[in-house]
Amino acid sequence: MLHQHRITIYWLLGLGLAGYVLPWIVAPTAPLTLNAFDLAEWTSLHPTQFGTPLLVPLLLRLQLPIITVLVALLANKSLMKLLAAVIILSLSVAQLPPLEFLTISRHDSNYQQQFLLAAISLIAGLTLLRWAPSRRLALATGCLAAIGLLAALVGQSQAQLLYQMSLQEGVPGVGLGVLAVAYFGMIALALSTARLREKFMKLIEWLALWVSSETP
């Protein structure tokens, strides 16, 4: 059962937050480092966005809503729920755009995205804190961690390309690696439950059969 690993997952969530604020891109020739939050803001201002507008900032910013939801899902006691509520509120406020969004920049798509993600974090977090499902907790945790990991990897790689297109030198920082370790830890704990591990193995078998059937 995943319940016995709650404290471990909370430590992993803390590690993930540390990875979020640690450098994701480091400029070797200048005293410049960008964590995930800074990188999302920088890419939102880049004139050559890839694909859907603000997709790269969205992938980078998605980490905090995912962590917020995981905090809410794993709180099962009164004291833990109180602490989780404080964390949810803090993370939601941290995602809010500047106050000018409410005055002169209401139509700014970058600020709208920040506000929407903050609102989702707050509403989803507090709702799950009150009515968190006790069943399929391992599945929800594993899926959220996998989504967060995929979003982080794609977001950082696309941001790195944008950074290089601006003729700036930058190397990946330790932040993404720390966050990835946290997500991998959560996925491993989720897969440690017998039922989810069985479903995962069946999925692997199905994919193997599908690949073999498509191979000439």
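Residues numbered from 1 in each chain as written. Predicted model: local features only at pLDDT ≥ 70, side-chain atom pairs only at ≥ 80, totals over all residues. Heavy atoms only, no water.

Caption draft 1: Broad picture of the overall build of the protein chain. Within the protein chain one finds nine helices and three strands. Written out in order from the N terminus, the α and β elements of the protein chain read α-β-β-α-α-α-α-α-α-β-α-α. Burial analysis of the protein chain (216 residues in total) assigns 41% to the buried set. For the protein chain, the share of sequence-separated contacts (at least 6 apart) that also reach a separation of at least 24 residues comes to 74%. Split by element, the accessible area of the protein chain, about 12000 Å² in all, is 72% carbon and sulfur. (Helix = DSSP H or I, 4+ residues; strand = E, 2+ residues; numbered from the N terminus. Buried < 20%, exposed > 50% of the residue type's maximum accessible area, 1.4 Å probe, protein only. Contact = heavy atoms within 4.5 Å. Areas by Shrake-Rupley, 256 points an atom, 1.4 Å probe, with all protein chains shown as cover.)

Caption draft 2: Highlighting the pattern of salt bridges. Per the counting criterion, the structure on display carries one salt bridge. Residue Arg61 is joined to Glu41 by a salt bridge in which the shortest nitrogen-to-oxygen separation is 3.1 Å. Linking Arg61 in helix H3 (residues 55-61) with Glu41 in helix H2 (residues 36-44), this pair joins segments that are 20 residues apart in sequence. Exposure remark for Arg61: the relative accessible area of 5% places this residue in the buried category. (Salt bridge = Lys/Arg side-chain N within 4 Å of Asp/Glu carboxyl O.)

Caption draft 3: Geometry of empty space enclosed by the protein. With the rule as written, the count across this model stands at one cavity of 30 Å³ or more. Approximately 60 Å³ is the volume found for the largest cavity. Forming the walls of the largest cavity are Tyr20, Phe37, Arg61, Leu64, Gln95, Gln114 and Leu117. Residues that form the lining of the largest cavity fall into these classes: four nonpolar, two polar and one charged. (1 Å grid on protein atoms, 1.4 Å probe; cavity = no way out; pocket = protein on both sides within 12 Å on 5 of 7 lines; lining within 4 Å. Points joined across faces, edges and corners; volume = space filled by probe spheres on them. Nonpolar A, V, L, I, M, F, W, Y, C, P; charged D, E, K, R; others polar.)

Caption draft 4: Looking closely at the packing of helix H5 (residues 78-94) against helix H6 (residues 109-131). Here H5 crosses H6 at 170 degrees, and the two axes come no closer than 9 Å. Relative to H6, the element H5 is oriented roughly antiparallel. Residue-level contacts link Lys81, Ala84, Ala85, Ile88, Leu89 and Ser92 of H5 to Ala118, Ser121, Leu122, Gly125, Leu126 and Leu129 of H6. Broken down by class, the residue content of the contact of H5 with H6 amounts to eight nonpolar, three polar and one charged. (Axes fitted to C-alpha atoms, helices over the stretch in contact; angles between N-to-C directions. Parallel < 35°, antiparallel > 145°, perpendicular 65-115°, else oblique.)

Caption draft 5: Region of the structure containing H6. For H6, built from 23 residues, the straight-helix expectation of 33 Å at 1.5 Å per residue is met to within 8% by its first-to-last C-alpha distance of 32 Å. What H6 keeps buried is the set Asn110, Tyr111, Gln113, Gln114, Leu117, Ala118, Ser121, Gly125, Leu128 and Leu129. Where the residues of H6 are buried, they touch H2, H3, helix H4 (63-74) and H5. Two or three places before Asn110, at the opening of H6, Asp108 has a side-chain oxygen 2.8 Å from that residue's backbone nitrogen. (Expected span 1.5 Å × (residues − 1). Polar contact = N/O pair within 3.5 Å; in protein donor to acceptor, adjacent residues only side chain to side chain.)

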